[in-house]
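The lines below spell out each chain.
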Amino acid sequence: MNNIFIVQGDITKAQVDAIVNAANPQMLGGGGVDGAIHRAAGPALLEECRKVKAVNGIRCPTGEARITAAGHLPAKYVIHTVGPVYHQVPNPKELLQSAYLSSLHLALKNHCRSIAFPAISCGVYGYPHREAAEVALAVCSREEFKQLEIYICLADQQMFTIWLDAENSVHR
Ligand code: APR
């Protein structure tokens, strides 16, 4: 997986074509990385999100992704994806896979050469960290994404270590 880079840091500073936001279905901001991205991008990002068509208030169903401009962020795009709330769905693994897949396909469709992910669903959505890392790395290492530089951007040392271990076990 020589196109996948596990790093520790603040995703809002990532110098990539697209950063992925761990959003909610309404796509109107929130806490966690969603809040950090909106703060760093400025109000223009919320305006971009409001342009995304909503059906019954839902702009992005769980497992799907939407792309917007990125306001003041160094990235060109923000790809908003919604991961599963781990204890609320019968199929969290499939929905987490889908969130990563939808984001990667949207990045390719928009000619991105690099993308940065946070640990989707690993905060308030409660996904067990090691399992999430294995799901994410298995999707990101698919042949179809080999041309993409994929950064997994972890906020803290503990998560960084969990993901490095997961990558090593996938390699073994
Ligand atoms: N850079 C990188 N990672 C970050 C940053 C940051 N600046 N800030 C937080 N994180 C990490 C968290 O530590 C966690 O590991 O992002 C991971 C995802 O956590 P959440 O942001 O809580 O996302 P998630 O679990 O998917 O829950 C999404 O939370 O903020 C709301 O609106 C959002 O309703 C949605 C829900």
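Engineer: Which parts of the structure should I look at to understand the site of the ligand?
Structural biologist: In the region of the ligand, 22 residues are neighbours, and N24, G31, V33, D34 and G123 sit closest. One of the backbone nitrogen or oxygen atoms of I11 is found 3.0 Å away from a nitrogen atom of the ligand. Measuring from an oxygen atom of the ligand, one finds a backbone N or O atom of Y125 at 3.1 Å. Burial of the ligand by the protein amounts to 85% of the accessible area it has alone, namely 700 Å². A majority-of-atoms criterion places the ligand in the largest pocket. Among the elements that line the shell around the ligand, the one with the most residues is helix α1 (residues 32–41), at 4 residues. Per-class residue counts for the shell around the ligand are 12 nonpolar, 8 polar and 2 charged.

Engineer: Whenever I open this one, the layout of surface pockets confuses me. Can you help?
Structural biologist: Any space left empty among the atoms is revealed by the rolling of a water-sized probe across them. Estimated volume of the largest pocket: approximately 570 Å³. Those elements that provide at least two residues to the lining of the largest pocket are α1 and β6 (149–154). No other element matches α1, which puts 4 residues into the lining of the largest pocket. Taken together, the residues of the lining of the largest pocket break down into 15 nonpolar, 8 polar and 3 charged.

Engineer: Whenever I open this one, the packing of helix α3 (residues 92–109) against helix α4 (residues 129–140) confuses me. Can you help?
Structural biologist: Each pair of packed helices can be described by the angle between their axes along with the distance between the axes. Between α3 and α4, the least distance of the axes is 9 Å, while the angle of their chain directions is 40 degrees. Taken as axis vectors, α3 and α4 run oblique relative to one another. Here the hand of the crossing between α3 and α4 comes out right-handed. Facing K93, L96, Q97, Y100, L101 and L104 of α3, the residues of α4 in contact are A132, V135, A136, V139 and C140. Of the residues that constitute the contact of α3 with α4, the class distribution is 9 nonpolar, 1 polar and 1 charged.

Thresholds, definitions, all that
- Residues numbered from 1 in each chain as written.
- Predicted model: local features only at pLDDT ≥ 70, side-chain atom pairs only at ≥ 80, totals over all residues.
- Heavy atoms only, no water.
- Near = heavy atom within 4 Å.
- Polar contact = N/O pair within 3.5 Å; in protein donor to acceptor, adjacent residues only side chain to side chain.
- Areas by Shrake-Rupley, 256 points an atom, 1.4 Å probe, with all protein chains shown as cover.
- 1 Å grid on protein atoms, 1.4 Å probe; cavity = no way out; pocket = protein on both sides within 12 Å on 5 of 7 lines; lining within 4 Å.
- Sits in = over half its atoms within 2 Å of the grid points.
- Helix = DSSP H or I, 4+ residues; strand = E, 2+ residues; numbered from the N terminus.
- Nonpolar A, V, L, I, M, F, W, Y, C, P; charged D, E, K, R; others polar.
- Points joined across faces, edges and corners; volume = space filled by probe spheres on them.
- Axes fitted to C-alpha atoms, helices over the stretch in contact; angles between N-to-C directions.
- Parallel < 35°, antiparallel > 145°, perpendicular 65-115°, else oblique.
- Left-handed = near helix turned anticlockwise from the far one by under 90°.
- Contact = heavy atoms within 4.5 Å.

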